[in-house]
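Commentary on secondary and tertiary structure
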Amino acid sequence: MDLRRTEAMMLTLHSIAHVTIEVGDLPRALEFYSGLIGAPASRVAAWPVKDETALLLPSGQFLVLKPSANPRTLPESAVHQAYRAAPAAIDRILKSLSVGAAGVHRYHEDRLAEQADNCYFADPDGNRIQLIADAARSAPGIAAIDHAIVLASDMEWIEEFYCDLLGLVVEHRVGWNTGDYIRARAWGEGKEEMAPGTRRWDERYRDIPGAKPGQGRRLARPNMQIFLHTGESILGIYLSPVHVQESPPRIAVGTPRIGFWTDRATLERAVAVLGKTRATVAGPVHHVSGSPIGSSLYFRDPCGNFIELCVKETA
Amino acid sequence: MAYVESLSHSGICVHDLKEAESFYCGVLGAAVHSRVNFKTQDALRGRSVHTSLMLSDYLFAIMLSEDWMNIPPLDQLRGENRIRHAFCVPKDKFAQILQSLRNHKVALEGPVTHPETGPFGESIYFRDPTGNFLEVVWRRDESASYNEVLPLGHGGVG
């Protein structure tokens, strides 16, 4: 019996519930993100994880800030969080930002769905932010989490994990076709500005006899990416082109972390499914009354990313 | 005189790796053996991007071309573009392959019957999604045993 495919049919994840990022200075981060939200940030009173401060977005999702002496923001990588906002709200945010014009990047995009939304900047700690124009939104600032990005050291394994176990669906791939490699050369020649982590220089371990200029030992290549769809959200996964130190394997609850809404039956089923893998799992944890999350299941994906399944209602 | 015994494996260059995997696995019945350059360690070594597939006991790699290749017009079903891969099937599986190609709406030419005095029975000619020329053939001499090839890794006598 193929355990993964049969049991995957029982798991249904919904949209992203929260992104939890690390910040070095909580008051500074609160001021910055209040500016993005366009109003004094609404802090969640009973967020279940100690030392984390959750801000409620108009979508009902949460942006969660975790103070850290050395925030893990990975600015050289593809890791970022993308938020939906009304076009007018994006204009307001860009005018009000202290980052200035030099800090706003208009990268070319690989994913068709983002080609009109190529506006990036960083928070004061270096967490990269992307704004996605959404005419259906009316809030004065960022209204919803559109997608979040994680790194993977093994793209096959992580695709099997999210698609076969957790039921996410591949929406787009980068690095699987010749056109991606042709476009990467434009970046290598300085003709395209691409977001960090989307392209890379590969160093072959030997010269290729007869290679044309630019196609020899050092090659500009697309960095492999997959975009997975769940509910109204996208989880982007990028191959990590360098080895990144992971947290010790015994730790199941950590940051940066991405939470996904699900239902209680799926949460209980996920306990059984994940229990048959080598994933580090904690929970389900049933939270105190008043928390916006009734129960959580915390785990690590095969590449060490912290993930949480969240159920709204209490047990 | 140095000589080679048999064909060990081959590579087929493609323009879209996922599309090619779906074709060779979903239509012809191949299985993914392994993939290269899907891991950090491969990226650090600058390896080529390819997927190794098994079709019965035959190993071949579909290799992502990093340049657009010259592809003959796709309405030409039979021919070669420097190379054509012909996969052998037992005669009793030939109709099954033909039906799979038709079920997946793969344009094909054939079955073409070869002379009774030759080794080949019938062939079907078609293209993969990139446009590589392919053939499936059953052999009239399929019951004959030729040179036995030892499996790789037997270690020899030294």
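Refer to the structure presented above.
The following refers to the structure shown.

Criteria and thresholds
- Per chain, residue numbering runs from 1 following the sequence as it is written.
- Each chain takes a letter, starting from A, and each ligand takes a number, starting from 1, following the order in which they are written.
- The model is predicted, so local features are restricted to residues of pLDDT at least 70 and side-chain atom pairs to those at 80 or more, both for listing and for counting; the totals for chains, interfaces and linings are taken over all residues.
- Strand pairing is assigned whenever DSSP identifies at least 2 bridges connecting the two strands.
- Helix numbers and strand numbers start at the N terminus; a helix is a DSSP run of H or I with at least 4 residues, a strand a run of E with at least 2.
- In this analysis an axis means a line fitted to C-alpha atoms, helices contributing only their contacting stretch, and an angle means the value between N-to-C directions, from 0 to 180 degrees.
- Any pair of residues counts as being in contact when their C-beta atoms, constructed from backbone geometry, are within 7 Å of one another.
- In this classification, the charged set is Asp, Glu, Lys and Arg, the nonpolar set is Ala, Val, Leu, Ile, Met, Phe, Trp, Tyr, Cys and Pro, and all remaining amino acids, among them Gly, are polar.
- Between the buried cut of 20 or more and the exposed cut of 12 or fewer other C-beta atoms within 10 Å of a residue's own C-beta lies the partly exposed class, and all C-beta atoms are placed from the backbone.
- The directions from the helix axis to the C-beta atoms form the arc being described.

1. Considerations on the sheet that holds strand β6 (residues 108-113) of chain B
Residues and elements named next belong to chain B. Strand order in the open sheet made by the four strands is β5-β8-β7-β6, with mixed pairing throughout. Across the chains shown, the open sheet's two edge strands, defined by having one partner strand only, are β5 (85-88) and β6. Taking the axes of each pair of neighbouring strands and ignoring which way they run, one obtains an average angle of 20° across the sheet. Direction of pairing for β5 relative to strand β8 (residues 133-139): parallel, over a ladder of four bridges. By the bridge assignment, A86 is partnered in β8 with E135.

2. What to know about unusual backbone geometry
Each neighbour pair has its own omega, and for G283 of chain A with P284 of chain A the value is 10°, a cis peptide bond. Within the fold, P284 of chain A resides in strand β14 (residues 281-286). Following G110 of chain B, the chain continues to P111 of chain B via a peptide bond in cis, the omega torsion being 0°. Following the sequence through the fold, P111 of chain B ends up in strand β6. The phi dihedral of N37 of chain B is positive, around 75°, even though this residue is not glycine.

3. Considerations on the interface of chain B and chain A
Quoted interface sizes are often the accessible area lost when the parts come together. Contact residues are listed per partner, giving 16 residues for chain B and 22 residues for chain A. Those elements that provide at least two residues to the side of chain B that touches chain A are α1 (17-26) and α2 (40-45) of chain B. Among the elements that make up the side of chain B that touches chain A, the one with the highest residue count is α2 of chain B (three residues). Residue classes in the side of chain B that touches chain A are distributed as five nonpolar, four polar and seven charged.

4. Focus on helix α3 (residues 87-96) of chain A
All names here are of chain A. Within α3, burial applies to A89, I90 and I93. Taken end-on, α3 shows its buried residues confined to a sector of 100°, consistent with a single buried face. The exposed residues of α3 that point more than 90 degrees off its buried face are P87, D91 and K95. On the buried face of α3, the contacting elements are α2 (26-37), β4 (81-85), β5 (119-122) and β6 (128-133).

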